[in-house]
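This is what each chain is made of:
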Amino acid sequence: MSEYAKRHFIKLFRKKHKSAWEKTLVTINNMLTRIEIYSKTSKVNKIHCEEWCYIAKCEFTIEWTGISTHTSWNRIIVFVDESNMEIHILLLYAKTDVYWDNETSWWQNEIKNNHKEIAKIFTWL
């Protein structure tokens, strides 16, 4: 998980959801370790792909809320490096926290400004 995600997003989720957050984080990590399986469902959407890596948008829900992953509006943007078998959480946010008209433009801008080494890989940034 990137330091940027920890400072700007995880901190808020932990504060807001208290004990449910730790269980949610375990569930998120389990999903990401099986990202290829989940990419065949609506929970993971590969967005930008290169030869050896891709960026995906994933949906998740806070544990014990009873809300589906899609209607929870919680999202994770991850960078998957298939050559090194690594997954990095770049952003983790509630869709309701995005104050731009276009969610995709917002998270692409966040990556461009805060994950420059990854932004260089993808031509759309």
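Only a predicted model underlies this, so the values are computations on that prediction, with no experimental measurement involved.

Conventions we followed
Residues numbered from 1 in each chain as written. Predicted model: local features only at pLDDT ≥ 70, side-chain atom pairs only at ≥ 80, totals over all residues. Heavy atoms only, no water. Pairing = 2+ DSSP bridges. Helix = DSSP H or I, 4+ residues; strand = E, 2+ residues; numbered from the N terminus. Salt bridge = Lys/Arg side-chain N within 4 Å of Asp/Glu carboxyl O. Buried < 20%, exposed > 50% of the residue type's maximum accessible area, 1.4 Å probe, protein only. Polar contact = N/O pair within 3.5 Å; in protein donor to acceptor, adjacent residues only side chain to side chain. Expected span 1.5 Å × (residues − 1). Bend = angle between axes of the 7 residues up to and from the residue. Contact = heavy atoms within 4.5 Å. Axes fitted to C-alpha atoms, helices over the stretch in contact; angles between N-to-C directions.

## Quick look at the pairing of strand 1 (residues 44-49)
Reasoning step 1: Strand direction decides the pairing type here: strand 1 and strand 2 (residues 53-60), joined by five bridges, are antiparallel. Bridging across to strand 2, His48 finds its partner in Ile55.
Reasoning step 2: Hairpin remark: strand 1 followed by strand 2, antiparallel, with three residues in the connecting loop.

## Points about the pattern of salt bridges
Reasoning step 1: Inspection of the entire model under this criterion finds five salt bridges.
Reasoning step 2: The salt bridge involving Glu36 is made with Lys46; its shortest N-O contact spans 3.4 Å. Taken together, the residues Glu36 in helix 3 (residues 35-38) and Lys46 in strand 1 connect sequence positions 10 residues apart.
Reasoning step 3: With a relative accessible area of 36%, Glu36 lands in the partly exposed category.

## Quick word on the environment of Glu36
Reasoning step 1: In the structure, Glu36 is positioned 22 residues away from Cys58 in sequence and 12 Å away in space, judged by C-alpha atoms.
Reasoning step 2: Engagement of the side chain of Glu36 in a polar contact is seen with the side chain of Tyr54, the distance being 2.9 Å.

## A word on unusual backbone geometry
Generally, phi is negative for residues other than glycine and the peptide bonds are trans, each holding for most cases.
Reasoning step 1: Despite not being glycine, Trp73 shows a phi value in the positive range, around 65 degrees.
Reasoning step 2: At Met85, a residue that is not glycine, the phi angle is positive and equals roughly 55 degrees.
Reasoning step 3: Given the relative accessible area of 77%, Met85 is considered exposed.

## Examining helix 1 (residues 3-17)
Reasoning step 1: A rise of 1.5 Å per residue sets the reference length of helix 1, with its 15 residues, at 21 Å; its end C-alpha atoms lie 20 Å apart and thus fit the reference within 8%.
Reasoning step 2: Residue Ile10 marks the point of greatest curvature in helix 1, where the axis turns by about 40 degrees.
Reasoning step 3: Along helix 1, the residues that are buried comprise Tyr4, Ala5, Phe9, Ile10 and Phe13.
Reasoning step 4: The inward-facing, buried residues of helix 1 abut helix 2 (19-33), strand 2, strand 3 (74-81), strand 4 (86-94) and helix 5 (103-114).
Reasoning step 5: Once helix 1 ends, the next one or two residues include Lys18, with phi positive near 45 degrees.

## Observations regarding the sheet that holds strand 3
Reasoning step 1: Taking strand neighbours across the sheet as the criterion, the four strands line up as 1-2-3-4 in an open arrangement whose pairing is antiparallel. Of all the strands in the sheet, just strand 1 and strand 4 have a single pairing partner and so form its edges. Averaged over neighbouring strand pairs, the angle between their axes works out to 20 degrees when direction is ignored.
Reasoning step 2: Sitting on the sheet, helix 1 is in contact with strand 2, strand 3 and strand 4, with an inclination near 45 degrees to strand 4.
Reasoning step 3: The sheet strands contacting helix 2 are strand 1, strand 2, strand 3 and strand 4, and the helix crosses strand 2 at an angle near 140 degrees.

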